[in-house]
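Report on the structure
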Amino acid sequence: MKKHIGWIAGATAAALVAAGAITYAVAEDGGSDTGMSTPAADSADAGFARDMAVHHQQAVEMSYIVRDRTQNAEVRRLAYDIAQTQANQRGMLLGWLDLWGLPKVSAKPPMSWMGMGDMPERGDGSLMPGMATDTEMKKLGTLNGKQAEVFYLQLMTDHHKGGIHMAEGCVAKCKVGVEKSLAQGMVDAQQSEIELMAGMLKERGAKARS
């Protein structure tokens, strides 16, 4: 388990180093890998950047909550790595919107860029697939020790599954090369973390919710 956690920490550090270069690359090529014009406000590129920034923010909040609710080193390390990685990626996504001169919010429902704007919402703060509800976030903040660890791992597993679905949508629909690459990296990294969390849940006599 420690070997896996160490690998994730290394990957986080590499992502932080690469962030500036990736953002700079977008600015250098005008926001496209093929010389295309700046993405439109209703494009998949802009929609993914906006929606994933919101999705990532909740993962960051969730991770910092659990770090205060447990003393388990492995869970705290995983939570820190997820928080740092997703906060960094969120900054990149919002930075690209700034570079493109596009708004960070849209009047259209979340996931419209994927053709899923009419999907039913869970409500209670859960705006997109995998997102926890406000009630679940509050509950996480009331738990301690093993109970907090299990609930966090379950919530984050759901969160990652929803994030992978969105990132795969960008891989298929986005036009900006570096953004597609970032999305594919999200798919790969979050799938690996889902597998890691399945093992951590098993060690605690629990399993993912779905």
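The residue count restarts for each chain, going from 1 along the sequence in the order it is written. Where local features are concerned, this predicted model is filtered to residues with pLDDT of at least 70; where side-chain atom pairs are given and counted, the filter is 80 or more; whole-chain, interface and lining totals use all residues. Hydrogens and water are ignored here; the side-chain numbers use all heavy atoms of the structure.

Our focus in this paragraph is the overall build of the protein. Under the DSSP-based scheme used, a helix requires at least four consecutive residues in state H or I and a strand at least two consecutive residues in state E, with every element numbered from the N terminus. Across its full length, the protein carries six helices and zero strands. Of the regular secondary structure in the protein, the N- to C-terminal order runs α-α-α-α-α-α. In this analysis, two residues are considered to be in contact whenever any of their non-hydrogen atoms come within 4.5 Å of each other. Long-range contacts, defined as pairs at least 24 residues apart, comprise 75% of the intrachain contacts of the protein with a sequence gap of at least 6. Note on areas: Shrake-Rupley, 1.4 Å probe, and residue coverage restricted to the protein chains presented here. Total accessible area computed for the protein in this model is approximately 9700 Å², and 56% of it derives from carbon and sulfur atoms.

Aromatic rings from Phe, Tyr and Trp, with only the six-membered ring used for Trp, were paired whenever their centres fell within 6.5 Å, and each pair was classed as stacked if the ring planes differed by under 30 degrees, edge-to-face if by over 60, and tilted otherwise. In this structure the tally under the stated criterion is two aromatic pairs. On the basis of an interplanar angle of 75 degrees and a centroid distance of 5.7 Å, the ring pair of Phe 48 and Trp 113 is categorised as edge-to-face. With Phe 48 in helix 2 (residues 44-67) and Trp 113 in the loop between helix 3 (73-100) and helix 4 (134-140), this pair connects stretches of sequence that are 65 residues apart. The classification of residues rests on relative accessible area computed with a 1.4 Å probe and restricted to protein chains. Under 20% of the type maximum is buried, over 50% is exposed, and intermediate values are partly exposed. Classification of Phe 48 by relative accessible area gives buried; the value is 0%. Geometry around Phe 151 places Lys 139 over its ring, the cationic atom sitting 4.6 Å from the centre. When the NZ atom of lysine or the CZ atom of arginine is within 6 Å of a ring's centre and also within 35 degrees of its normal, the charge is said to sit over that ring.

For the rest of this paragraph, the subject is unusual backbone geometry. With phi around 75 degrees, Met 111 is a residue other than glycine that occupies positive phi space. Mapped onto the fold, Met 111 is located in the loop between helix 3 and helix 4. Classification of Met 111 by relative accessible area gives buried; the value is 0%.

Turning next to the pattern of salt bridges. Each reported salt bridge corresponds to a side-chain nitrogen of Lys or Arg within 4 Å of a carboxyl oxygen of Asp or Glu. Considering all chains together, one arrives at five salt bridges under this definition. Its salt-bridge partner being Asp 158, residue Arg 209 comes within 2.8 Å of it at the nearest N-O pair. Of this pair, Arg 209 sits in the segment after helix 6 (177-203) while Asp 158 sits in helix 5 (residues 145-173), and the two are 51 residues apart along the sequence. Owing to a relative accessible area of 38%, Arg 209 belongs among the partly exposed residues under this scheme. Relative accessible area serves as the criterion here: at 12%, Asp 158 is assigned to the buried category. Residues Arg 204 and Glu 203 are paired through a salt bridge, measuring 3.7 Å at the closest nitrogen-oxygen approach. Given a relative accessible area of 10%, Arg 204 falls into the buried group. It is possible to trace a salt-bridge network through shared partners that takes in Glu 136, Asp 158 and Arg 209.

Read these as spatial facts, not as claims about activity.
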